[in-house]
Structures are given as C-alpha cells and as structure tokens.
Amino acid sequence: MGTVAALYRYPVKSMLGEAVIAVAVTEGGLSGDRVYAVLDGTGAVGSAKHPRKWGALLRCRSRLDESGVVRVVLPDGTALPVEDPELDAQLSKLLGRQVFLSAFVPEHSRLERAVPEYEGGVPDSVRETAAVDATGASITTGGVAPGTFFDFGRVHLVTTASLARMREVYPAGDFDARRFRPNLVVDADGGSGFPEDAWLGSRLRVGEALFKVLVSTPRCVVPTLGHGELPADPGIMRAVAREHRVPVFDLGRLSCLGVYLDVLEAGTVRVGDTITLDAAA
C-alpha cells in the first residue's frame, strides 16, 4: 500500500518531538513517545489543545539522547534532562505558574481543549458542556487514555495523499506533516484524496509491527499553531473542516485528518518500510 516516509516521536506531551530513522514499537506505542507530560497542581495535563494555557510548550523540544535520557530544549536553547529540578523551574517561568514534569499519570488527570468556532471541530454534545475558564477561553474537559498521556490511540498515522489533497483545497496553507504531530507519515502508493478512510477496521503490517486502524483522527486547534519554524495558520483547520468531515463513533461528523492505530504485534519500524493492508476482520 505504500512506504513509511517519516517517523516521529514526542517524549514530552505537547512539546516538539524528533524525527527518527527506526524505532521499536511496543504494545504501548512507539518507544519513547509521550512518556512524560507537564502537569500543574490542579491535575491538568499540559496540552497545546488549550493554547492560552499550554501553547508555550510548543516552543520547547523533547528528545532522547544516546543514553536513553529524555532532554528538553528550552526556547533559549538550553537543554536540560527531565530529572533536573531546574527544568521544572524554567517551565514554570515559561508558563507563568507552577508546573512540573512527570512520568506518572495522575488517576484523576484532566485534559482541557479549546472549543473551535467552526462547525465540526468538536461534537455538538461536547460543545454544549463548554465553559469559559480563567484564561477567557471556552474549553471542554475530558481525560487522557487510561494509564497514559495519549489522547486516544497509541499511534497516529497521516498519509502524504491527505496532506496533498489539503494543499489543493487551501493552497496558501502550509500542510507540513509536523503540524498534525503524527508518529507515522505514509507515502501511499498511487493514493489520492484520503486513502486512510478506507483502512478503518483493517490491519496494517508496517515493517515488523502489526497495527489495527481504529478510527479517523478528530483534529483540534493544534495544527493551526506555530510549531518551531512553522508559523501559525488559523486557516489550516477551517480548510479541513470544509473538506473532510467524517463520522467518528457516535459523535457525529467531525473534522478529521489521519487515523489512530492500536498495536497488535510489537516490532521495529523503519523509514522506507513497506506497508501491507490486510482485510478488515
């Protein structure tokens, strides 16, 4: 069906991540992916989905060094290991309130999401629960996937065909894959439009690993934000909302790009690996 064009992991949730050539995949996802998050005293998990509160995290980059230690590169270029207490102090200064890094997922953690104005950005039933918080943003509150810092699926995939289609729809937009924070970027052979829509419920053999395609990925405000050298572009998600709204469970038709995967068999995945699509169970 295609090949792996790029691999990314994000050792600290909602920070910029790193491109890798090869990565071990376990039942919990890509090794080293979302193993830490920034938390505050209220139980909120740091997520750029609430940009007024956590958007500055996208000015930081997280990576694994050669010894397997996660390091965070701050906006001024300072690199500190996650175990260094000075890192908590610097992140607190950056965010303007007391925060700390954690590998432990609190039992009653909260994930806050800003509510987009455009239709299809959030289920209507969820929009009705939104409230304005102290930042002045209209937000909804949910949780992370149990025992993890993932929003839902353990692995996120986007195709070059979907990104190319969105460039046709919104030529002024920069549909760099990194805006959508994927783990796998797939160059689908001869694919056009949104080929991953047809993969739902199927199994993908990618290198040594086997995945199940769970659901289309509902998009939030994050792709519109600045990511390193990629500037902010509020038109990105409005274009997705106009072009690609698909059913997601019983939540209605939502703005989606990419798919979430679950891991069925562990193994190593490499850039250039071929991808085989098995029939849906």
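Preceding block: the structure.
A brief look at the structure comes next.

Parameters at a glance
- Residues numbered from 1 in each chain as written.
- Predicted model: local features only at pLDDT ≥ 70, side-chain atom pairs only at ≥ 80, totals over all residues.
- Heavy atoms only, no water.
- Helix = DSSP H or I, 4+ residues; strand = E, 2+ residues; numbered from the N terminus.
- Buried < 20%, exposed > 50% of the residue type's maximum accessible area, 1.4 Å probe, protein only.
- Contact = heavy atoms within 4.5 Å.
- Areas by Shrake-Rupley, 256 points an atom, 1.4 Å probe, with all protein chains shown as cover.
- Lys, Arg positive; Asp, Glu negative; His and termini not counted.
- Charge placed at Lys NZ, Arg CZ, Asp CG, Glu CD.
- Patch = residues over 30% accessible without salt bridge, like charges linked within 9 Å, V, L, I, M, F, W, Y side chains within 5 Å.
- Salt bridge = Lys/Arg side-chain N within 4 Å of Asp/Glu carboxyl O.
- Pairing = 2+ DSSP bridges.

## Considerations on the overall build of the protein chain
Along the backbone of the protein chain there are 5 helices and 20 strands. Dimensions along the principal axes, computed over C-alpha positions, put the protein chain at roughly 50 × 45 × 35 Å. A total of 281 residues make up the protein chain; the buried ones form 53% of that total. Taking the contacts inside the protein chain whose residues are at least 6 apart along the sequence as the reference set, 71% of them involve residues at least 24 apart. For the protein chain, the computed accessible surface area is about 12100 Å², with 51% contributed by carbon and sulfur atoms. The protein chain carries 30 positive and 35 negative side-chain charges, and their two centres are separated by 3 Å.

## With respect to a nonpolar patch on the surface
Together, Phe152, Leu214, Phe249 and Leu251 make up an exposed nonpolar region whose accessible area comes to about 360 Å². On the secondary structure map, phenylalanine 249 appears in the loop between strand E17 (245-247) and strand E18 (253-265).

## Thoughts on the pairing of strand E14 (residues 184-188)
Counted residue by residue, E14 has 4 buried out of 5 residues, so it is predominantly covered. As paired strands, strand E1 (residues 2-9) and E14 are joined by 5 bridges and run antiparallel to one another. Paired with valine 4 across the two strands is valine 186, which belongs to E14. Pairing of strand E13 (residues 155-159) with E14, which is carried by 3 bridges, proceeds in the parallel orientation.

From the geometry alone we can't say anything about function, so treat these as descriptive.
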